[in-house]
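Architecture at a glance
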Amino acid sequence: MRKASYSKSRRRSVSIQNKPRIIAVANQKGGVGKTTTAINLGTALAAVGETVLIIDLDPQGNASTGLGIARKASQKSSYHVLIGEASLDQVIIESGIPRLHCAPSTMDLLGAELELAEFDRKAYRLADAIKTMQESGNTARNYSYILVDCPPSLNLLTINSLSAADAILVPLQCEFFALEGLSQLLKTVERVKSTLNPRLAIQGVVLTMFDRRNSLSEQVAEDVRSVLGDKVYQTVIPRNVRVSEAPSYGKPVLLYDNGCLGSQAYIRLASEVIRRERDLRAA
Ligand code: ADP
Ligand code: MG
């Protein structure tokens, strides 16, 4: 008896200690670097010893394929998790990169929004699935970070990810209309915070596809910093051809070419994210 109660309380304390930090990588604009950031930040975090799960919540499934996971129609995916046909545990695939796992998506997600409308706790389907996984006591699923790659929309899939998250990380492309739509996104964050998930914080805003040769990039970066201040990470992700080539090899850029400027930037971003998580946790 003594032994049983000891292991039970021990398991509980381990799961509390190992509570993952859940970060939604979101921006309703497409093509701003959400998926690239989820994959490469995830890889950089795993490289420094964190245990990472990437949940692909975009029907396009670029995070899954970018990690070299072939998508099969028959596969169980994040869709099945949301509609309650599978547990998160059952759909997770090892990426081949140490300490980095992925819950892939399938095209079924395209119809998920309509289907979810009929469910109880429709905005908490992902949060509930993560909680069930944590409580399962399966130590192989003790992640220190869970990154959710969101679709380019403020739909129910994105709301599910914001309801589950501790924080949102927003990739912002260094282009003329960078700030357009951002206020809508921040309003959504506030609304989620006041209704669905009071603990939701802003991890930060990362400037992506920064082009040193283009003075517009410099101008946009300056404008964004003047509006958002220290919400913007010091690290800027440069436009780098190696970053855009890597997904076609089914690899994060850190594996494809770990010395290139894009890889180096994602390693710096990972250390900034870890530092901010420590501060958020301490707050
Ligand atoms: P989102 O997920 O927001 O739609 P992606 O991460 O898929 O955006 O990026 C859009 C496109 O831009 C992809 O083709 C990707 O390879 C490319 N891309 C992203 N970041 C960079 C970068 N730093 N340098 C060059 N190309 C990039
Ligand atoms: Mg994407």
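Refer to the structure presented above.
Rules behind the numbers
- Residues numbered from 1 in each chain as written.
- Chains lettered and ligands numbered in written order.
- Predicted model: local features only at pLDDT ≥ 70, side-chain atom pairs only at ≥ 80, totals over all residues.
- Heavy atoms only, no water.
- Helix = DSSP H or I, 4+ residues; strand = E, 2+ residues; numbered from the N terminus.
- Rg over C-alpha atoms; globule rule 2.2 N^0.38 Å.
- Buried < 20%, exposed > 50% of the residue type's maximum accessible area, 1.4 Å probe, protein only.
- Contact = heavy atoms within 4.5 Å.
- Lys, Arg positive; Asp, Glu negative; His and termini not counted.
- Charge placed at Lys NZ, Arg CZ, Asp CG, Glu CD.
- Pairing = 2+ DSSP bridges.
- Polar contact = N/O pair within 3.5 Å; in protein donor to acceptor, adjacent residues only side chain to side chain.
- Salt bridge = Lys/Arg side-chain N within 4 Å of Asp/Glu carboxyl O.
- Near = heavy atom within 4 Å.
- Areas by Shrake-Rupley, 256 points an atom, 1.4 Å probe, with all protein chains shown as cover.
- Nonpolar A, V, L, I, M, F, W, Y, C, P; charged D, E, K, R; others polar.
- Right-handed = clockwise from strand over helix to strand, strands pointing away.

The number of helices and strands found in the chain is 13 helices and eight strands. Since a compact globule built from 283 residues should have a radius of gyration of about 19 Å, the 18 Å found for the chain is in line with a globular shape. Each principal axis of the C-alpha atoms in the chain carries an extent, and together these give about 70 × 45 × 40 Å. Here the chain holds 283 residues, and 52% of them are scored as buried. In the chain, once contacts between residues fewer than 6 apart in sequence are set aside, the share between residues at least 24 apart is 79%. The chain carries 35 positive and 28 negative side-chain charges, and their two centres are separated by 8 Å.

By the alternation rule, side chains of strand 4 (residues 100-103) split into L100 and C102 and H101 and A103, which are all buried. The sheet contact formed by strand 2 (residues 52-56) and strand 4 spans four bridges and is parallel. Its bridge partner lying in strand 4, I55 is registered against A103. Pairing of strand 3 (residues 93-94) with strand 4 involves two bridges; the strand directions are antiparallel. Across the sheet, E94 pairs through a bridge with H101, a residue of strand 4.

Bringing the environment of V220 into the picture now. Relative to the assigned elements, V220 resides in helix 10 (residues 215-228). As a C-alpha pair, V220 and F177 span 43 residues in sequence and 8.7 Å in three-dimensional space.

By secondary structure assignment, the location of D56 is in strand 2. We classify D56 as buried; its relative accessible area is 0%. A distance of 3.1 Å separates a polar side-chain atom of D56 from the backbone nitrogen of D58. Of the polar contacts made by the side chain of D56, one reaches the side chain of S64; its length is 2.6 Å. Leaving out residues up to four positions away in the same chain, D56 has contacts with G61, N62, A63, S64, S78, A103, P104, S105, L109 and D149.

A few words now on the pattern of salt bridges. The full count for this structure, using the stated rule, is nine salt bridges. Where R21 meets E277, a salt bridge forms, and the shortest distance between an N and an O atom there is 2.2 Å. In this pair, R21 sits in strand 1 (residues 21-25) while E277 sits in helix 13 (residues 261-282), placing the two residues 256 residues apart along the sequence. For the residue pair R21 and E277, the accessibility class agrees, reading buried in each case. One salt bridge connects D89 with R141, and the closest N-O pair in it is separated by 2.5 Å. With D89 in helix 5 (residues 88-91) and R141 in the loop between helix 7 (125-135) and strand 5 (145-149), the pair connects residues that are 52 residues apart, well separated along the chain. Put simply, R242, E245 and D257 are held in one network by salt bridges that share partners.

This part covers the site of ligand 1. In the vicinity of ligand 1 lie 14 residues, with G31, T35, T36, P238 and N240 positioned nearest. At 2.5 Å, a side-chain N or O of T36 approaches an oxygen atom of ligand 1. When isolated, ligand 1 has an accessible area of 560 Å², and the protein chains bury 79% of it. Put simply, the parts of the chain that give the shell around ligand 1 at least two residues each are helix 2 (34-47), strand 8 (232-238) and helix 11 (241-245). The biggest single contributor to the shell around ligand 1 is helix 2, with three residues. Of the residues assigned to the shell around ligand 1, the class counts are five nonpolar, seven polar and two charged.

The next point concerns the pairing of strand 6 (residues 167-173). Across the seven residues of strand 6, seven count as buried, placing the element largely inside the fold. Alternating positions in strand 6 separate into two faces, A167, L169, P171 and Q173 on one and I168, V170 and L172 on the other, with burial throughout. Pairing geometry for strand 1 and strand 6, over three bridges, is parallel. Note that in strand 6 the partner of I23 across the bridge is A167. Relative to strand 7 (residues 201-210), strand 6 is paired through seven bridges, and the arrangement is parallel. Note on strand 7: the bridge partner recorded for P171 is V206. Tracing the backbone out of strand 6, into helix 9 (residues 182-195) and back to the parallel element strand 7 gives a crossover that is right-handed.

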